[in-house]
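So the chains spell out like this:
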Amino acid sequence: MNHNCGCQPPMNPTEEEEEEGNSGQLSEFRARSNVKQRTAGTFSYQHFRLNQYICITSEMTTADYDQASLPDLLPLYYRRLFPFSQYHRWLNYGGVTKNYFQNREFSFTLKDDIYVRYQSFSTQNELEKEMQKMNPYKIDIGAVYSHRPNQHNTVKSGSFQALEKELVFDIDMTDYDDVRSCCSGADICPKCWTLMTIAIRILDRALRDDFGFRHCLWVYSGRRGVHCWVCDEAARKLSVVARSAVAEYLSLVKGGDETVRKVVLSDPIHPFITESLTVVERYFSQYALLGQDILGSKEAVDKVLALLPEDVRKKLLQYFQTEKNPEMRWDTLRSMAQDKRTTAKKGHYFEMEIMLQYCYPRLDVNVSKGVNHLLKSPFSVHPKTGRISVPIDLRELDRFDPFEVPTISLICEELDQPKTEEEQEDTMENENKKEAGERRKMRDYKRTSLAKYVKLFDNFLEGMAHSRKGEVLKNSDLQKDF
Amino acid sequence: MNYLGLIINIFVSVAKTGNDRNAFTSFSCAEIRTLCGNWRESRQIDRSKASSLGKLSEARYRTMQFYSRRKKLIGNSQTEQLYGHCLQFYGQPPIENISLSEFETFAVDRLKLLKTVENLGVSYVKTSELYTKKLDAEFSNLNFPYKIEASTKDDRKPQTGPSEYEKRRKDHISHFILRLAYCQTEDLRRWFIQQEIDLFRYRFNHLPSKNIREFLQYNNLHYHTISIDKKKNLMDKLVTSSFAVSGSTVDCQDFYKVPFQDALDLVRTRKVYLNGGYVYIPHQDIVTIVLNDFRTRLSKALALTARSLPAVQSDERLQPLLNHLSHAYVGQDYSIQKSIGKISLEQIDPLSAKSYPLCMRQLHRGLRDSHHLRHGGRMQYGLFLKGIGLTLDQALQFWRSEFVKGKVDADKFDKAYAYSIRHMFGKEGKRTDYTPYSCMKVILSNPPSQGDQHGCPFRHSDPELLKQKLQSYKVSPSGISQILELVKGMHYQLACQKYFELTHSIEDSGFSLNHPNQYFMESQKLLGGPGAGVKVEVKREDNPATKPPNPSPHQTPGPGNLPQEVAAEITEDLDSFFQDA
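Bear in mind that the values here come from a model prediction, so they are computed numbers and not experimental data.

## Here's the deal with the sheet that holds strand 5 (residues 273–275) of chain B
All names here are of chain B.
1) Next: Here we have three strands laid out as an open sheet, ordered 4-6-5, and antiparallel in their pairing. The open sheet is flanked by strand 4 (255–259) and strand 5, the only strands paired with a single partner. Direction aside, neighbouring strands of the sheet carry axes that sit 25 degrees apart on average.
2) Next: Two elements, strand 4 and strand 6 (residues 278–282), share five bridges in a ladder whose sense is antiparallel.

Have a look at this one:
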């Protein structure tokens, strides 16, 4: 099955599901919704079982994923593929702050949506053992607390507090439903994926240039969105108020179902908005005018016109009777806005407002605000799509295709393919020897399509280690400590 | 911060009273060292003779003036030293002794002031003329340092009211008393800090620039400025990112470069140039940095004060007063249910049309239409339902029956949603019995985003949609235009109240609306429905209009020596001041 044809099969044919309630205070254990088994016939997904791998031919390497196989695949993934050493290296942050890794909350979603919060581990080994034992369907990362999260019941209530966490952003395609015509709900396709590309470009620029953050890790969530983990020390130390201020600085689209005009600009246009508009400009014509055809059908046009001042709307309606080309239509709209700006005293920025309303990133502010809010971990599996939550390479951003992100079935299969029986016996023998095991694991992920993403992650970690080193040098220079 | 630096030394004089008001003497005192928890009862309190305190307030004021111990402190040099500037940073706690009655009046007055700040903040734009005018009036009413007098402090011309010194002293002491009352919980602290900050902002903004410089110097506040070259380089960005700054004004004022964490309000609203993690703040916006300092210090100080609380609470004379001061801010929270179980599920639909405020009607309608509400909506509506008297079982039944009509089956409901409903009723998690959202909370926090139906329709709807909605609810065209006018002026609660009056066909609703559940109860009271009984029992005063809005000290029962009944009376009075305010 080729996933890259013009119109994609939706990644998840089941209902739209709200992803909420990860907010820290809610619960330790929380039963969540039943995973709905995909009914046969909805999609022709290939069924995989571990013992079936051997008979799969090479042309079927774009393995499709079936939810039912997850319990069989997860042990393999955690045993041989999950990049534990990098993962630990990341969350340990060079061991600069005492107990930084040890006081970090992890939470696991197990089979049947059993939700286990406040897990914590003292070493990489412990984390590894526990994950291999529990085989979580989903892993969330929480805050660094004042005490070990797994002992939170033993400390006096009130003294157990979330102290630090990466500044995180969650952008979810469902929030764009009113402005995309190709899909809705949890479905995505290459057409609307451009929205995520724009979102990353805009936010990454602002986080770096405006806020001065250096270490932003962008991750594909595994289904319909992207996450950003800002890992700078200053970002991790931000208070709740500061996080919400940052999130609001970055939010331009405001209002719910009851608001029609969701972006309102006024004089003067802040440099941040100007910068963001330059990004939107690059994609707007291709994405919105041609891809989404926002000035095509009658309904779409009405939606755009509703955002305009009365007089402009009337003139345009008349003009649109004769002009059908969306790009021409847009040019006229835009020149009318410019005319209006030169004649009227107060700024009319409606063409910019439209561009932003249709393309500007929509943040889930609540996720960014809370220090204790949980967010799905990188390299965790999305249980519905089977895709691994992988880092996104910003240098290759325009070419990033969510449908090319490996699924757990694919990488598990890749792992098995070139193996001869001899080799397998060999690894069985070495199972108990830790060093050999480590080396084997290194080799293992390198044989799969996960390799390039782990490499990306490595580079990211290297960058952080580098600036940490610079920081240490600077400090010792300051203290004349040679 | 210095531990001892926070000591408030309050001298409580306990009055012995007789029939002759001139024979008033102060004879008993106790010194409270709030932090050290060191109580010294110098003489036993004579409880039996504490009667007719109210009459004596005047005399007490006179006594205060001749009070010898205090007089020693009012040396001129000390005035300068203590209150050298009309605006204070409240760095040093007061060290003098004050009478219990002064303690009370000061606290009550400041609370009134803060309450006014809060109310005005909701009804008016904080920089508008009306806001300023009303707040000015309140300042002079309550004898707090008034901005005009700031510049004329050296004038010794005869004044009718209290002197500038007295006002500044009152400002100082009352602030510290309320710190005691408002340090107890996270919620109280947040409220207090918010109001004090608004107050401070208002006062700071009205200082002449000369005084601002003095203030900064006086309080040792220094911030990093950028060089002229750098300013020239950044000119464009500075102009487009700061409001009311043009090329010419950039030249003539200093820009401060501070980490963005120190000017969050400006960052949040994008009113400042932000680059590389630093904001560039024009001198005219310096209030933000100063406020940030103020907030940080106040918040730290409150946390420290909270630790000393047990010492204060062990005093039976102060404790009820402080408790009531701190309760005054919230008003009724509509969490205590007398009507619980009086409403059946069948009644909800008719009730939603008759007695629901618009926000809840919208949520109810949304729920019935889509058989689903998102998290924000479930919280806002769920707690409202709890407030009007649904039991937990009813609530579960209500939500389940609606959700299973949609995409959620019963099993999924039990797994995914039932928990949060039990949580609302305090049956899960940390078992807090959550209170229904007030208008303030609905309007100010968690604005609705894509797919959400919660929030305040007057605040979060497009006027055009609001108009259509009102039309569909058969509100008269003239009524609609009145409502839209109020919305335009950002008086969302007044707009809602107007909606109440129009839908209930009354001229004047006679209450001041600040809670969706209040709306419901008032409506039920008018219509004589099942929710009506609640109000009478829960709210203490039903007819606030008959009470004097601004009782002078003469009408306040003095609390010299506080026997229980008197204390109760005082607190009841306090309640009425503030619920009404």
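## A short note on the environment of Glu462 of chain A
All names here are of chain A.
1) Next: Tracing the chain through its elements places Glu462 in helix 16 (residues 451–478).
2) Next: Counting along the chain gives 373 residues from Glu462 to Arg89, while the straight-line C-alpha distance between them is 9.9 Å.
3) Next: Within polar-contact distance, the side chain of Glu462 engages the side chain of Arg89 at 3.1 Å.

## Some details on the pattern of salt bridges
Opposite charge on two side chains lets them pair, provided their charged atoms get close.
All names here are of chain B.
1) Next: Taken as a whole and assessed by the stated rule, the structure comprises 44 salt bridges over all chains.
2) Next: Across the salt bridge formed by Glu402 and Arg368, the nearest N and O atoms sit 2.3 Å from each other. Taken together, the residues span a long stretch of sequence, with Glu402 in helix 19 (residues 392–403) and Arg368 in helix 17 (residues 358–370) at a distance of 34 residues.
3) Next: By relative accessible area, Glu402 is classed as buried at 0%.

## Some details on the confidence of the model for chain A
Residues and elements named next belong to chain A.
1) Next: Per-residue confidence for chain A gives a mean pLDDT of 82, with 81% of residues at or over 70.
2) Next: Within chain A, strand 1 (residues 29–31) has the poorest average pLDDT of any element, 37, and strand 7 (residues 216–220) the best, 97.
3) Next: Low pLDDT, under 50, characterises residues 1–62; the predicted model gives this stretch 147 contacts beyond four residues in sequence or across chains.

## Section: the interface of chain A and chain B
1) Next: With 52 residues of chain A at the contact, the number on the chain B side is 45 residues.
2) Next: With both sides pooled, the region where chain A packs onto chain B buries about 3900 Å², and carbon together with sulfur makes up 50% of that total.
3) Next: Where chain A meets chain B, there are two salt bridges.
4) Next: The salt bridge partner of Glu258 of chain A is Lys469 of chain B, with a shortest N-O separation of 3.3 Å.
5) Next: Run the count over chain A and chain B and you get 16 residue pairs in polar contact (both at pLDDT 80 or more).

## Observations concerning the state of the cysteines
1) Next: Counted under the stated rule, the structure contains zero disulfides over all chains.
2) Next: The closest cysteine sulfur to the non-disulfide-bonded Cys456 of chain B is located on Cys359 of chain B, 6.3 Å from its own sulfur.

Criteria and cut-off values
Residues numbered from 1 in each chain as written. Chains lettered and ligands numbered in written order. Predicted model: local features only at pLDDT ≥ 70, side-chain atom pairs only at ≥ 80, totals over all residues. Heavy atoms only, no water. Pairing = 2+ DSSP bridges. Helix = DSSP H or I, 4+ residues; strand = E, 2+ residues; numbered from the N terminus. Axes fitted to C-alpha atoms, helices over the stretch in contact; angles between N-to-C directions. Polar contact = N/O pair within 3.5 Å; in protein donor to acceptor, adjacent residues only side chain to side chain. Salt bridge = Lys/Arg side-chain N within 4 Å of Asp/Glu carboxyl O. Buried < 20%, exposed > 50% of the residue type's maximum accessible area, 1.4 Å probe, protein only. pLDDT = per-residue confidence, 0-100. Contact = heavy atoms within 4.5 Å. Buried area = accessible area lost by both parts, 1.4 Å probe. Disulfide = S-S within 2.5 Å.

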